Amino acid sequence: MNKYIALFIGMLCLFSLDALAQKERKFIRKGNGLFEGNEYENSEVEYRKALDKKINSYEAGFNLGDALYKQKKYDEALKQYQALTATEKDPKKLGEIYHNIGNTLLMNRKIDESIEAYKESLRNFPNSKETKYNLEYAKKMKQKEEEKKKKQDQNKDQNKNQDKKDQNKDQDKKDQNKDQDKKDQDKKDQKNKPEDQNKKKGNPEEQQNKISEQDANRLLEALENDEKKVQEKVQKAKAVAQKAKRTKIKKDW
């Protein structure tokens, strides 16, 4: 009796596992249909349902990573792919996983890491033409980045040198302006500084000999008056002399 019970229980477990597997496949198929229709968000939901039924399903896990990648959820996709590498042993499948890891890293601009992922993919699956192509593409991308960085560094150096030249020019110009200002100030100071008294105010003797026009007119007028007085005196003296002469003549007669 116990044998029959044990056999029944064993068959029941098998039937249950098979039912779970069928449900897992059902969700995967539905997810694949949605994925092909570019409905990546809905396909993600179906793949997660499949993993709920079979947590170690390689197909559901791998396709879930692809659905996340298509939605540009690169960090989540990377974690999903990396989780698969921890349990997967099949070289071809590992090659596929590392190929997609390389793509995800490349989209995140992690070029060096993507190159290493592509190399790891080729170690497991050397015949993948897609991986070889992507590896070369990543290498060229790295080369362009290095050339771009080198050019940027050169431009920075040129800009620094130009800035230094401009600063030197500005400094030279400032110095020239200072020199010119100093010259102008010296000229101004030379013009305005107290000069020798004989130069600025004139020699005292010269100053005394110099008279104003008004004083000169007054002096001239005074001289003319004096001359008039002298002339008047002379005329009077002549008149007196003349009168005396005439008187003398009369007496002589």
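Provided above is the structure to which this section pertains.
Throughout what follows, the structure given in this document is the object of discussion. The structure presented is a predicted model; accordingly, all values stated were derived computationally and were not measured.

**Things to note about the side chain of Thr104**
Alright, step 1. Its place among the elements puts Thr104 in helix H5 (residues 91–107).
Alright, step 2. If sequence neighbours within four positions are ignored, Thr104 has contacts with Tyr69, Tyr74, Ala77, Leu78 and Tyr81.

**Here we look at the pattern of salt bridges**
Alright, step 1. Per the counting criterion, the structure on display carries ten salt bridges.
Alright, step 2. The salt bridge partner of Glu44 is Arg48, with a shortest N-O separation of 3.1 Å. With Glu44 and Arg48 both in helix H2 (residues 40–53), this residue pair falls four residues apart, about one helical turn.
Alright, step 3. Take Glu44: its relative accessible area is 10%, and that puts it in the buried class.
Alright, step 4. A salt bridge links Lys73 to Glu44; its shortest N-O distance comes to 3.5 Å. Of this pair, Lys73 sits in the loop between helix H3 (58–70) and helix H4 (74–85) while Glu44 sits in helix H2; the two residues are 29 residues apart in sequence, bridging distant segments of the chain.
Alright, step 5. For Lys73, a relative accessible area of 28% corresponds to the partly exposed category.
Alright, step 6. By sharing partners, the salt bridges in this structure join Lys30, Glu46 and Lys49 into a single network.

**Points about the nonpolar core**
Across soluble globular proteins, you tend to see nonpolar side chains buried next to one another.
Alright, step 1. Counting 19 residues, the largest nonpolar core has Phe62, Tyr81, Ile97 and Ile101 as its most contacted members.
Alright, step 2. Secondary structure elements with two or more residues in this core: helix H1 (2–36), H2, H3, H4 and H5.
Alright, step 3. Excluding anything up to four places from it in sequence, Tyr81 contacts Phe62, Gly65, Asp66, Tyr69, Ile97, Asn100, Ile101 and Thr104.
Alright, step 4. If you look at the next biggest cluster of nonpolar residues, it comprises eight residues, including Ile111, Leu122, Leu135 and Ala138.

**Side note on unusual backbone geometry**
It is generally the case that most residues other than glycine have a negative phi and that most peptide bonds are trans.
Alright, step 1. Although it is not a glycine, Lys72 sits at a positive phi angle of roughly 65 degrees.
Alright, step 2. Its location among the elements puts Lys72 in the loop between H3 and H4.
Alright, step 3. For Lys72, a relative accessible area of 63% translates into the label exposed.
Alright, step 4. Positive phi outside glycine occurs at Arg109, with the angle close to 65 degrees.
Alright, step 5. Positionally, Arg109 belongs in the loop between H5 and helix H6 (111–124).

**Describing the packing of aromatic side chains**
Alright, step 1. In total, this model carries four aromatic pairs according to the counting rule given.
Alright, step 2. Judged by centre distance (5.5 Å) and plane angle (70 degrees), the ring pair of Tyr69 and Tyr74 falls under edge-to-face.
Alright, step 3. On the basis of relative accessible area, Tyr69 is assigned to the partly exposed category, the value being 22%.
Alright, step 4. Tyr74 gets classed as buried once you look at its relative accessible area, which sits at 13%.
Alright, step 5. Here the aromatic cluster, defined as three or more aromatic residues joined through ring pairs, consists of Tyr58, Phe62 and Tyr81.
Alright, step 6. Over the face of the ring belonging to Tyr58 we find Lys93, whose NZ or CZ atom lies 4.7 Å from the ring centre.

Parameters at a glance
Residues numbered from 1 in each chain as written. Predicted model: local features only at pLDDT ≥ 70, side-chain atom pairs only at ≥ 80, totals over all residues. Heavy atoms only, no water. Helix = DSSP H or I, 4+ residues; strand = E, 2+ residues; numbered from the N terminus. Contact = heavy atoms within 4.5 Å. Salt bridge = Lys/Arg side-chain N within 4 Å of Asp/Glu carboxyl O. Buried < 20%, exposed > 50% of the residue type's maximum accessible area, 1.4 Å probe, protein only. Core = buried A, V, L, I, M, F, W, Y, C linked by side-chain atoms within 4.5 Å. Phe/Tyr/Trp six-rings, centres within 6.5 Å; stacked < 30°, edge-to-face > 60°. Lys NZ or Arg CZ within 6 Å of the ring centre and 35° of its normal.

Everything listed is a geometric property; what it means functionally is a separate question.
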